[in-house]
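A look at the structure
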Amino acid sequence: MSFRSLSFQRCLQTFVASSFNSKDKTHRYFSSNPAFPLQQPRKASYKIYSEDENGEMEWEKLGFGPVSTDFMYSMKCCEDGNFVQGNLTHHGNIEFSPFAAVLNYGQGIIEGLKVNRKENGGLLLFRPDQHALRMKMGAQRMCMPSPSIHQFIHAVKQTALANIRWVPPPGKGSLYIRPLLIGSGPVLRVGPAPEYMFLTYASPVGNYFKVLLYLNDKQLILTSNEIELYGLLIKLQGRTPLSLYVEEEEVRAFSGGVGGVKSVSNYGPVLKALVRAKSLGFSDVLYLDSVSKKYLEEVSASNIFTLKGNVISTPPTSGTILPGITRKSIIEIALGLGFQVEERYISVHELTEADEVFCTGTAVGVAAVGSVTYRGTRFEFKVGENTVCQALGSILVGIQTGLIEDKEEWIINIH
Ligand SMILES: *Cc1c(COP(=O)(O)O)cnc(C)c1O
């Protein structure tokens, strides 16, 4: 039986009944399951769309699934190491030799940044220079040439403007831009590719973690509209937003490896633990250091913070942890608010005694962690109204969407 076919009213009634009748039968948590499939975009043709041509788009149903947009931007680089003359083409499949280095040996780097729409219709990019710089550093580690900071930002702008009709209205989501640098040339003996490609494409996104409700053991995924309607109930329930599972078998990264760069090779290895955690009802995995398995590293694709009193702590990015730009921004915002911020090793034991725990990343924003489960014990943290996590998250989103003054010059207006 499909829960989508139930009327919203009935779901609400069932939910209310089940959540107030039986104390522990109803679980709610966030997960990063793909969103509902959206309607197929119209066939692209070479023209710049007017902004209101997406009147029929169901922005409320946006999650974090792949939605094809109209255009992508690409540049090639040959043996001399310089990228020249990029151009926009239709968003579509790309062809490579089966020998392509990225397909066989994982020589590739990703980035991810969001374009937000301002109330007045303008488009804003958040710290694109930092993303460009991180790609450059990652490329060095992966033995690849990289586009200049200017070329990177130009590509992101072109991609955003060409797909302007896919930028959600304020409050409904963002246009996620994915820059990709790959060894596209053929290799057989292990070695760097003879040719590289830099590609940026876009997809409109809403929440990374979908809200899931369990109604009598059946899963119901909520749309953002429904989340708003359910908001009060979720608060009443006092339930936790993210539930993390501390992984002790598999590691995400190790000293001397590529955990500190956004290499494409970092994501395949986390899938097994992620799928297992999700099957157990958790929203994501919290990884530990590979040596002592005692200290926190990060979540599959976001950084972790703890709050205790006036002290905000996060593990140092010394090679095994991805230096998140959201992480860096939250540290700066927190310092500005008068918090003491420490970058240092945090043991699982220390984590369990925190007042608040939260994750940061471009995709997730600032996401409250309601519980962490370690060796079968579930530790809970403060979430919701009047939390530091919520205050930091609101300030960050405020800056990113132009509602709060951008004193640090993090924002670039592109339209
Ligand atoms: C991208 C990413 C993050 C978050 O970085 P942001 O720059 O804040 O988006 C954190 N951890 C991992 C493993 C990532 O891939």
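What counts, and where the lines are drawn
- Residues numbered from 1 in each chain as written.
- Predicted model: local features only at pLDDT ≥ 70, side-chain atom pairs only at ≥ 80, totals over all residues.
- Near = placed C-beta within 6 Å.
- Helix = DSSP H or I, 4+ residues; strand = E, 2+ residues; numbered from the N terminus.
- Axes fitted to C-alpha atoms, helices over the stretch in contact; angles between N-to-C directions.
- Parallel < 35°, antiparallel > 145°, perpendicular 65-115°, else oblique.
- Left-handed = near helix turned anticlockwise from the far one by under 90°.
- Contact = placed C-beta atoms within 7 Å.
- UniProt positions renumbered as here; feature names shortened; annotations may be inferred.
- Buried ≥ 20, exposed ≤ 12 C-beta atoms within 10 Å, placed from the backbone.
- Nonpolar A, V, L, I, M, F, W, Y, C, P; charged D, E, K, R; others polar.
- Expected span 1.5 Å × (residues − 1).
- Core = buried A, V, L, I, M, F, W, Y, C linked by C-beta atoms within 7 Å.
- Domains from an automatic or database assignment.

Thoughts on the site of the ligand
Around the ligand, a shell composed of 14 residues is seen, among which Gly324, Ile325, Thr326, Gly361 and Thr362 lie nearest. Residue assignment for the shell around the ligand shows that the elements contributing at least two residues are helix H7 (325–336) and strand E17 (356–361). Here the element with the most residues in the shell around the ligand is H7; it accounts for 3 residues.

Things to note about the packing of H7 against helix H9 (residues 388–400)
Contact geometry for H7 and H9: axes closest at 10 Å, N-to-C directions at 110°. Classified by the interaxial angle, the pair formed by H7 and H9 is roughly perpendicular. Seen along the crossing, H7 lies across H9 with a hand that is right-handed. Residues Ser329, Ile330, Ile333 and Ala334 of H7 form the contact with H9, whose own contacting residues are Leu392, Ile395 and Leu396.

What to know about the UniProt feature "modified residue: N6-(pyridoxal phosphate)lysine" (unreviewed entry) in the protein chain
The UniProt entry lists Lys262 under the feature "modified residue: N6-(pyridoxal phosphate)lysine" (unreviewed entry), expressed in the numbering used here. Inspection of the secondary structure puts lysine 262 in the loop between strand E11 (242–247) and helix H6 (271–279). For lysine 262, a count of 24 C-beta atoms within 10 Å corresponds to the buried category. When residues no more than four places from it in sequence are discounted, the contact partners of lysine 262 are Ile109, Ile110, Glu111, Arg134, Gly138 and Leu322.

Thoughts on the packing of helix H3 (residues 128–141) against helix H4 (residues 149–162)
The relative placement of two packed helices comes down to the angle between their axes together with the axis-to-axis distance. Viewed as axis vectors pointing N to C, H3 and H4 meet at an angle of 125°, and their least axial separation amounts to 9 Å. Of the possible angle classes, the one that applies to H3 and H4 is oblique. Handedness of the H3/H4 crossing: right-handed. On H4, the residues that touch Pro128, Asp129, Ala132, Leu133 and Met135 of H3 are Ile149, Phe152, Ile153 and Val156. When the residues that make up the contact of H3 with H4 are grouped by side-chain class, the tally is 8 nonpolar, no polar and 1 charged.

What to know about H7
Here H7 contains 12 residues, and its C-alpha end-to-end distance of 17 Å stays within 8% of the 16 Å for a straight helix at 1.5 Å per residue. All of the buried residues along H7 are Ile325, Thr326, Arg327, Ser329, Ile330, Ile331, Ile333 and Ala334. Directly after H7, the chain includes glycine 338, whose backbone phi takes a positive value near 95°.

Details of the environment of leucine 123
Mapped onto the elements of the fold, leucine 123 is located in strand E6 (residues 123–126). Setting aside residues up to four positions removed in sequence, leucine 123 forms contacts with Val115, Arg117, Ala160, Val167, Ile414 and His415.

Overview of the nonpolar core
The biggest cluster of nonpolar side chains holds 93 residues, and the ones touching the most others in it are Leu181, Leu244, Val285, Leu286, Phe358 and Val369. In terms of residues, this core owes the most to one element, strand E8 (residues 196–205), which gives 7 residues. Counting only domains with at least three residues in this core, you end up with domain 1 (51–205) and domain 2 (240–400). In contact with leucine 181, other than residues within four places in its own chain, are Gly108, Ile109, Met135, Ala139, Met144, Ser146, Tyr196 and Phe198.

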